[in-house]
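Summary of the model geometry
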2 protein chains.
Amino acid sequence: MTLSLYSDEQYIREALKQARYAFEEDEIPIGAVVVLDKRIIARAYNQTEKLQDVTAHAEMLALTAAANHLGNKYLQECTLYVTVEPCVMCAGATAWAQVRRVVYGAAEPKFGYRRHGQLLHPRAEVVSGILGDECESLMREFFAQKRK
Amino acid sequence: MTLSLYSDEQYIREALKQARYAFEEDEIPIGAVVVLDKRIIARAYNQTEKLQDVTAHAEMLALTAAANHLGNKYLQECTLYVTVEPCVMCAGATAWAQVRRVVYGAAEPKFGYRRHGQLLHPRAEVVSGILGDECESLMREFFAQKRK
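Residues numbered from 1 in each chain as written. Chains lettered and ligands numbered in written order. Predicted model: local features only at pLDDT ≥ 70, side-chain atom pairs only at ≥ 80, totals over all residues. Heavy atoms only, no water.

- As recorded by an unreviewed UniProt entry, chain A carries the name tRNA-specific adenosine deaminase and is attributed to Hymenobacter endophyticus.
- Database annotation for chain A, UniProt heading Sequence similarities (unreviewed entry): "Belongs to the cytidine and deoxycytidylate deaminase family."
- Check the Subunit (unreviewed entry) section of the UniProt entry for chain A; it says "Homodimer." (UniProt positions renumbered as here; feature names shortened; annotations may be inferred.)

Structure, rendered in structure tokens:
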């Protein structure tokens, strides 16, 4: 099997690295990266506990970091990679930023945006299930550990 | 007519002050305050242009400031006052913060959360139309000026 350096899987793998940093810091393990022209321009992981701020989801921090990097709040040419299906808040943020491609790993039937309909940018392409099992396992492991 | 110091109208008037600061800085004029036990614990206005960050809506900045003030990301006992109906992103943020009361001025049929259904916390009470004309006028004036 050949694995392109620039495949969706490779970028979700990078997002998974971020998710593992979250796990190590006792945060719900979700990670995200923003890619422009094959290059990662922002990486982030969920920090809602550390910052005591519900807005500090991985996607939000990654979108803000990408906009800072570009000096432009619009991210039309960027792809957001995130390990878990975005929530309503984060979906809304990608719509405002006009992100045209969103790739995620595991579905999130309860807190994901999808059960509320189409909340992303009208022209956004969505790819789901990339390394979905791995992204979901990390979440399961986290919550299993929390219950102990 | 008597006007309570602690009425919804008074707090929306404070949010309108914030919205006017946004207007003066050439930002879409939306302002927000967060109130706990009749006291304003956070004030903010839209700063998406200055910060070049789509996540810098008045509500998001106010929720983050309120959480910082309390050292707690959950704002169950707080009321969010905002001059215009929140968008999907901001509605999602209030849900995560478990805000139980949201009061806004003007409806936002195009970008407001309401057309997407119930996105706030399941137990949230919503009050709308408080100083709605004044809040809407400020928006109209801003966009009329922009078109010139």
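Once the structure has been displayed, the description carries forward.
1. Brief notes about the packing of helix H3 (residues 58–70) of chain A against helix H4 (residues 88–96) of chain A
Residue and element names in this part refer to chain A.
- H4 packs onto H3 with a crossing angle of 20° between their chain directions and a minimal axis gap of 9 Å. In this view, H3 runs roughly parallel relative to H4, as classed from their interaxial angle. Note on packing geometry: the crossing formed by H3 with H4 is left-handed. Contacts between H3 and H4 involve Glu 59, Met 60 and Leu 63 from the first element and Met 89, Cys 90, Ala 93 and Thr 94 from the second. (Axes fitted to C-alpha atoms, helices over the stretch in contact; angles between N-to-C directions. Helix = DSSP H or I, 4+ residues; strand = E, 2+ residues; numbered from the N terminus. Parallel < 35°, antiparallel > 145°, perpendicular 65-115°, else oblique. Left-handed = near helix turned anticlockwise from the far one by under 90°. Contact = heavy atoms within 4.5 Å.)

2. Regarding the nonpolar core
- Formed by 66 residues in total, the largest nonpolar core has its most connected members in Val 34 and Met 89 of chain A together with Val 34 and Met 89 of chain B.
- Once you skip the residues sitting within four places of it in the chain, Met 89 of chain B turns out to touch Met 60, Val 88, Met 89, Gly 92, Ala 93 and Trp 96 of chain A together with Val 54, Thr 55, His 57 and Met 60 of chain B. (Core = buried A, V, L, I, M, F, W, Y, C linked by side-chain atoms within 4.5 Å. Buried < 20%, exposed > 50% of the residue type's maximum accessible area, 1.4 Å probe, protein only.)

3. Regarding the packing of aromatic side chains
Residue and element names in this part refer to chain B.
- Per the stated rule, a full pass over the model turns up 10 aromatic pairs over all chains.
- Where Tyr 11 meets Tyr 81, the ring centres are 5.1 Å apart and the plane angle is 40°; that geometry is what we call tilted. A residue pair is termed long-range when its members are at least 10 positions apart, and Tyr 11 in helix H1 (residues 8–24) and Tyr 81 in strand S3 (residues 79–84) qualify at 70 residues. Side by side, Tyr 11 and Tyr 81 carry an identical accessibility label, which is buried. (Phe/Tyr/Trp six-rings, centres within 6.5 Å; stacked < 30°, edge-to-face > 60°.)

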